[in-house]
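Listed below are the residues making up each chain.
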Amino acid sequence: HIKKKHFSIGDKGDAAMNNSKRTNGDGGAACNAPSGGRGARSNNTRGSGISGNDSNNNDESNIDDREPIDANALLPRYLYPLVRHYHDDFYVSRSFDPRLIVQLMAEGFLPIATRGYLLPKLHVERCVLELNPTSKLHISRSTRRKSKKFLLSVNECFDEVVAGCHRQHGTNWLYPPIVAAFRAIHQRTTDANSGGVHAMIMSNDSMEPVDVTPVRLYSVEVWNAETGALAGGELGYSVGGIYSSLTGFSNEDAAGSVQLVALGKLLTKVGFEYWDLGMALDYKTRLGAELMRRSEFVRKVKRTRVENKGVVLRIDARRSQSGNNGSESRRNAKEFVDWERPVPDVIMKDAKDNGSSKAAATQNGKSLEQATKKNDIPQTQPSSPSSDTKQNRKRPHEEGKGG
């Protein structure tokens with residue numbers, strides 16, 4: 001069995017979180033799976049090779065995804081005392097320290113858990129939706145129509161979202177120790193003085209950190225606009241300009257679909273480049289997501305964690321319309337679903353010069369489409385006619401069940 005180890009990377013990442021206590025399981029029996037030889041080192045696994053020591057300039061592009069490699073070569077060297085390869089895309093650790101989890105997130109791993117063990121996952125292929133500079137988000141007519149029935153908020157009720165996920169999916173991989181770690185990261189995310197937990201960025205040829213990057217964890221909620229009841233939500237985190245969905249739930253018809261597309265538009269609006277949806281499922285490809293090789297995904301993580309540290313998921317509060325002095329953080333989901341990227345001035349001018357000023361007023365107008373194609377300016381894809389189904393409400397990253 002992997003021995004219990006204290007997380008002791010040092011005080012240069014986010015050692016300020018030293019009041020976060022490490023938990024080793026949820027009090028139940030330890031999982032038997034990570035014992036024996038399989039937990040120590042993989043023979044050969046198929047996937048891209050990313051050196052654990054790589055920082056911003058990587059040479060993993062020299063390793064072919066089709067070549068069998070040692071899975072431990074994908075693990076950053078400084079994490080060896082705490083994390084080892086388990087099997088396939090999964091790694092294993094007995095530590096649930098929030099600082100370890102943010103380090104794994106900043107290296108491209110998706111953290112999930114089983115009883116007593118952290119199971120970081122590094123997918124051979126990731127289902128990713130591009131948001132900027134070209135949006136590939138597809139929105140069905142029915143989802144667009146139903147979106148006005150819901151309100152969207154961010155970071156309003158973390159624990160209620162966790163409870164909703166447990167009601168819909170059971171414990172699944174969302175065990176108490178990883179929930180406690182997520183809660184600690186979330187609290188630091190919502191703290192105006194910290195803005196997340198800082199992960200270290202290690203240099204290529206040493207074990208010393210050369211920079212830090214904030215990792216932020218969010219709860220996203222959708223509310224019934226008429227009753228005010230929580231209708232659905234999800235947990236997710238961001239590293240630079242990449243947002244990763246973890247898991248979610250929905251209590252009402254269409255709430256899950258509306259939450260997804262409204263979140264996709266909000267992510268686009270605030271400047272995220274990619275939306276990581278984890279393993280491939282039909283509803284994700286219907287949203288517009290495509291498979292991305294592991295090597296490419298990790299390259300993007302390592303670039304964006306340096307270049308896009310300031311990208312944050314938030315909804316700007318506006319003055320309350322109820323007459324009091326407060327502010328409203330919940331916004332109608334249709335505001336986000338109908339939002340379109342502002343039309344660049346050069347496109348507006350070209351469209352007007354062509355006598356199509358009316359078409360230039362909307363980003364999906366025919367004349368604007370032609371002008372956009374001519375000038376190679378990104379635009380939002382038209383809505384997909386696909387309808388909402390119960391399958392659409394299956395949530396991202398239910399990796400613990402056959403992921």
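Residues numbered from 1 in each chain as written. Predicted model: local features only at pLDDT ≥ 70, side-chain atom pairs only at ≥ 80, totals over all residues. Heavy atoms only, no water.

Draft legend 1. Representation of the environment of Gly-310 in the model. Tracing the chain through its elements places Gly-310 in the loop between helix 7 (294-307) and strand 15 (318-319). Given a relative accessible area of 65%, Gly-310 falls into the exposed group. Along the backbone, Gly-310 and Gly-195 are 115 residues apart, and their C-alpha atoms lie at a distance of 9.6 Å. (Helix = DSSP H or I, 4+ residues; strand = E, 2+ residues; numbered from the N terminus. Buried < 20%, exposed > 50% of the residue type's maximum accessible area, 1.4 Å probe, protein only.)

Draft legend 2. Up close: the pairing of strand 12 (residues 242-250). The buried fraction of strand 12 is high, at nine of nine residues. Counted along the chain from strand 11 (residues 230-239) to the antiparallel partner strand 12, the turn is two residues long, and its residue Gly-240 has a positive phi close to 60°. Alignment of strand 12 against strand 13 (residues 274-276), held across three bridges, turns out to be parallel. Looking across to strand 13, one finds that Ile-242 is bridged to Tyr-274. (Pairing = 2+ DSSP bridges.)

Draft legend 3. The nonpolar core, seen in detail. The biggest cluster of nonpolar side chains holds 58 residues, and the ones touching the most others in it are Leu-174, Ile-178 and Phe-182. For this core, the element with the highest residue contribution is helix 1 (residues 98-106), accounting for six residues. Setting aside residues up to four positions removed in sequence, Leu-174 forms contacts with Val-162, Cys-165, His-166, Val-179, Phe-182, Leu-235 and Thr-247. Ala-255, Phe-272, Leu-313 and Ile-315 belong to the second-largest nonpolar core, a separate cluster that totals 35 residues. (Core = buried A, V, L, I, M, F, W, Y, C linked by side-chain atoms within 4.5 Å. Contact = heavy atoms within 4.5 Å.)

Draft legend 4. Layout of the pattern of salt bridges. With the rule as written, the count across this model stands at 16 salt bridges. In this structure, Lys-300 and Glu-296 form a salt bridge, with 3.7 Å as the shortest nitrogen-oxygen distance. Of this pair, Lys-300 and Glu-296 both sit in helix 7, separated by four residues, roughly a single helical turn. If you follow the salt bridges from partner to partner, you end up with Glu-130, Lys-136 and Glu-290 in one network. (Salt bridge = Lys/Arg side-chain N within 4 Å of Asp/Glu carboxyl O.)

Draft legend 5. Spotlight on the packing of helix 1 against helix 4 (residues 176-190). For the pair helix 1 and helix 4, the least separation of the axes is 9 Å and the interaxial angle reads 80°. Judged on the interaxial angle alone, helix 4 and helix 1 are roughly perpendicular. On the side of helix 1, the interface is formed by Pro-98, Ile-101, Val-102 and Met-105, while helix 4 contributes Ile-178, Ala-181, Phe-182, Ala-184 and Ile-185. Across the contact of helix 1 with helix 4, the residue classes break down as nine nonpolar, no polar and no charged. (Axes fitted to C-alpha atoms, helices over the stretch in contact; angles between N-to-C directions. Parallel < 35°, antiparallel > 145°, perpendicular 65-115°, else oblique. Nonpolar A, V, L, I, M, F, W, Y, C, P; charged D, E, K, R; others polar.)

Draft legend 6. View of the environment of Gln-103. Among the structural elements, Gln-103 can be located in helix 1. In the structure, Gln-103 is positioned 27 residues away from Pro-76 in sequence and 9.8 Å away in space, judged by C-alpha atoms.

Draft legend 7. The arrangement of the packing of helix 3 (residues 158-169) against helix 4 in detail. Between helix 3 and helix 4, the least distance of the axes is 11 Å, while the angle of their chain directions is 150°. Comparing the axis directions of helix 3 and helix 4 gives the class roughly antiparallel. You can see that helix 3 and helix 4 cross each other, and the crossing is right-handed. In contact with Phe-158, Asp-159, Val-162 and His-166 of helix 3, helix 4 contributes Val-179, Phe-182, Arg-183 and His-186. In the contact of helix 3 with helix 4, the residues fall into four nonpolar, two polar and two charged. (Left-handed = near helix turned anticlockwise from the far one by under 90°.)

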